[in-house]
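Listed below are the residues making up each chain.
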Amino acid sequence: MNRRSILAAAMALAGLTSAPVWANAEAAAVKSVAAQTSVADVQEASLDAVVEAVRQATLSAQVPGAIVSLNVKAGDRVRAGQELLRIDASAAQQNVVGNTAQLEAAQANLRVASKELDRQKQLFQKQYISQGALERAQAQYEAAQAQVQAQQAQTRAAQTQTGFFSVRAPFNGVVSDVPVTLGDMAMPGRPLVTLHDPSALRVSAAVPQSMIEDVRKQLKTVRYEIAGHTSVAAASAQLLPAVDPVTHTAQLRVALPAGAEGLVPGMFVRVWVPVSASSEAVKTGAKDGRVFLPLTAIVRRAEMTGVYVMDAQGKPRLRQVRLGRTTGQTVEVLSGVSAGEQVVTEPAHVVKKL
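Keep in mind that what you see is a predicted model, and the values were worked out from it rather than measured. (Residues numbered from 1 in each chain as written. Predicted model: local features only at pLDDT ≥ 70, side-chain atom pairs only at ≥ 80, totals over all residues. Heavy atoms only, no water.)

Novice: I keep staring at the overall build of the chain and nothing clicks. Help me out?
Specialist: Tallying secondary structure elements over the chain gives 7 helices and 23 strands in all. Buried positions account for 33% of the 354 residues belonging to the chain. Within the chain, contacts between residues at least 6 apart in sequence are counted, and of these 73% link residues at least 24 apart. Looking at the chain as shown, the accessible area adds up to about 20,700 Å², and 53% of this sits on carbon and sulfur atoms. (Helix = DSSP H or I, 4+ residues; strand = E, 2+ residues; numbered from the N terminus. Buried < 20%, exposed > 50% of the residue type's maximum accessible area, 1.4 Å probe, protein only. Contact = heavy atoms within 4.5 Å. Areas by Shrake-Rupley, 256 points an atom, 1.4 Å probe, with all protein chains shown as cover.)

Novice: Would you mind going over the environment of Ser 60 with me for this structure?
Specialist: Inspection of the secondary structure puts Ser 60 in strand β3 (residues 56-60). With 132 residues separating them in the primary sequence, Ser 60 and Leu 192 have C-alpha atoms 5.1 Å apart. Residues within four places of Ser 60 in sequence aside, it is in contact with Gly 189, Arg 190, Pro 191 and Leu 192.

Novice: Please clarify how the pattern of salt bridges should be interpreted in this entry.
Specialist: Between side chains of opposite charge, a pair can form when the charged atoms approach closely. On inspection of all chains with the given rule, the structure shows 11 salt bridges. A salt bridge links Arg 202 to Glu 52; the nearest nitrogen and oxygen atoms lie 2.7 Å apart. Placement of the pair is Arg 202 in strand β11 (residues 201-208) and Glu 52 in strand β2 (residues 44-53), with a sequence separation of 150 residues. Overall, Arg 202 belongs to the buried group, its relative accessible area being 17%. Ionic contacts of the salt-bridge type, sharing partners, join the residues Glu 83, Arg 86 and Arg 168 into one network. (Salt bridge = Lys/Arg side-chain N within 4 Å of Asp/Glu carboxyl O.)

Novice: Any chance you could explain the sheet that holds strand β6 (residues 83-87) here in plain terms?
Specialist: The strands making up a sheet associate through backbone hydrogen bonding, with each pair oriented either parallel or antiparallel. Taken in spatial order, the 4 strands of this open sheet run β7-β6-β4-β9, and their pairing is antiparallel. A strand with exactly one partner marks an edge of an open sheet, and here the two such strands are β7 (166-168) and β9 (185-186). (Pairing = 2+ DSSP bridges.)

Novice: Whenever I open this one, the environment of Gly 189 confuses me. Can you help?
Specialist: Tracing the backbone through its elements, the reader meets Gly 189 in the loop between β9 and β10 (191-196). Taking C-alpha positions, Gly 189 is 9.1 Å from Val 63, a pair spaced 126 residues apart along the chain. Those residues within four positions of Gly 189 in sequence are excluded, and the remaining contacts are Ser 60 and Ala 61.

Novice: Please explain the side chain of Ser 166 as it appears in this structure.
Specialist: By the secondary structure assignment, Ser 166 is in strand β7. For Ser 166, a relative accessible area of 12% corresponds to the buried category. Within the structure, the side chain of Ser 166 is placed 3.4 Å from the side chain of Arg 168, a separation counted as a polar contact. (Polar contact = N/O pair within 3.5 Å; in protein donor to acceptor, adjacent residues only side chain to side chain.)

Novice: Please clarify how the side chain of Thr 249 should be interpreted in this entry.
Specialist: Assignment of secondary structure puts Thr 249 in strand β15 (residues 249-255). Among the polar contacts listed, one links the side chain of Thr 249 to the side chain of Thr 247, at a separation of 2.8 Å. Residue contacts for Thr 249: discarding those within four places in its chain leaves Ala 206, Val 207, Pro 208, Ala 242, Val 243 and Asp 244.

Novice: How should the sheet that holds strand β13 (residues 232-233) be read in this particular structure?
Specialist: On the basis of which strands lie adjacent, the open sheet formed by 7 strands has the order β13-β12-β16-β2-β11-β15-β14 and antiparallel pairing. Whereas interior strands pair on both sides, the edge strands pair on one side only; in this sheet they are β13 and β14 (237-243).

Novice: Help me understand helix α3 (residues 90-125) in this model?
Specialist: Each full turn of the α-helix corresponds to 3.6 residues, which orients residues three or four apart in the same direction. With 36 residues, α3 extends 53 Å between its outermost C-alpha atoms, agreeing within 8% with the 52 Å of an ideal straight helix rising 1.5 Å per residue. Within α3 the residues assigned to the buried category are Ala 92, Val 96, Asn 99, Leu 103, Ala 106, Leu 110, Ala 113, Leu 117 and Gln 120. Structurally, α3 contributes buried residues whose contacts are with α4 (131-162). Two residues or fewer after α3 comes Gln 127, characterised by a positive phi angle close to 60°. (Expected span 1.5 Å × (residues − 1).)

Novice: Is there a simple way to think about the pairing of β10 in this case?
Specialist: Two faces make up the sheet, and in a regular strand the side chains alternate between them. For β10, the tally of buried residues reaches 5 of 6 residues, placing the bulk of the element in the interior. Bridge analysis of β3 against β10 gives 5 bridges, and the strand direction is antiparallel. Residue pairing for β10: Thr 58 is matched across the bridge by Thr 194. In terms of strand pairing, strand β8 (residues 173-177) meets β10 through 3 bridges, oriented antiparallel. Bridge pairing in β10 places Asp 177 opposite Thr 194.

Quick look at the structure:
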């Protein structure tokens with residue numbers, strides 16, 4: 001009998017076997033759970049959303065001209081009424097000067113017509129002139145008066161137009177983009193400055209038609225999650241009553257808290273909306289291979305997120321996973337674990353054993 005046979009016999013007498021340690025009593029001590037897809041537990045569906053400003057404006061010119069002054073850049077904070085840029089207004093200013101001169105001439109003609117009318121009235125009272133002469137003087141006075149009024153309107157219009165050459169901020173905000181540079185030609189309708197109010201932000205998501213009724217009934221349970229931030233219950237959610245005829249979706253708007261740090265328009269957001277167990281969104285989630293595990297099974301090591309999965313020999317093997325939403329004490333596993341696999345629920349115990 002060789003040494004290996006003798007060792008095996010000795011182990012047998014001692015009540016041991018040559019099987020792996022995890023295949024016997026220690027494996028039995030490890031608590032595990034079968035990863036499973038549970039439609040009954042899934043009462044939420046995720047939607048892609050975006051952060052947007054409640055007040056956002058893209059300013060353009062009402063008149064053409066070269067940009068002669070550019071006072072802001074992207075990222076600047078501005079006040080309501082602050083001048084952002086100025087367009088060359090030389091021609092408009094000359095137009096104001098011309099209209100002002102014409103107004104003065106019309107006013108001079110009115111003064112002459114007024115004095116002439118007074119003289120004609122005196123002569124008519126002494127019966128030196130006819131009724132027709134008096135009426136002609138009255139008509140000349142009224143025509144001069146109308147000419148003054150018309151010229152005043154033209155002068156005011158010219159003065160108002162000079163204000164179009166100065167682009168000012170309509171509200172307090174932050175400049176998002178300035179797509180022009182000094183010397184560019186501003187044209188009516190061409191974007192010059194884009195700004196938004198950072199104190200009033202919201203999340204906007206498109207809700208499929210099949211989910212609209214479920215979401216409308218349970219707006220108070222809507223949650224959102226932004227990268228770098230934890231999942232937050234929506235303080236105020238609004239589902240717009242109209243449905244887009246092209247995409248067949250309704251807009252869901254979730255108000256963000258005022259003064260939220262690090263949030264800017266355009267950021268990606270994950271919105272969780274309530275759906276019934278019979279919803280197509282839930283059924284689809286149940287069929288696409290995703291499973292659900294208790295939070296206690298998750299292992300985090302530096303930038304790696306994983307779980308211990310029991311292999312065919314009963315040994316726990318660390319496997320990297322990608323997680324989805326968290327509901328209560330359960331987390332969704334998007335990839336890395338298949339339904340039915342045994343996952344260790346107390347990984348700290350496994351680490352000690354290893």
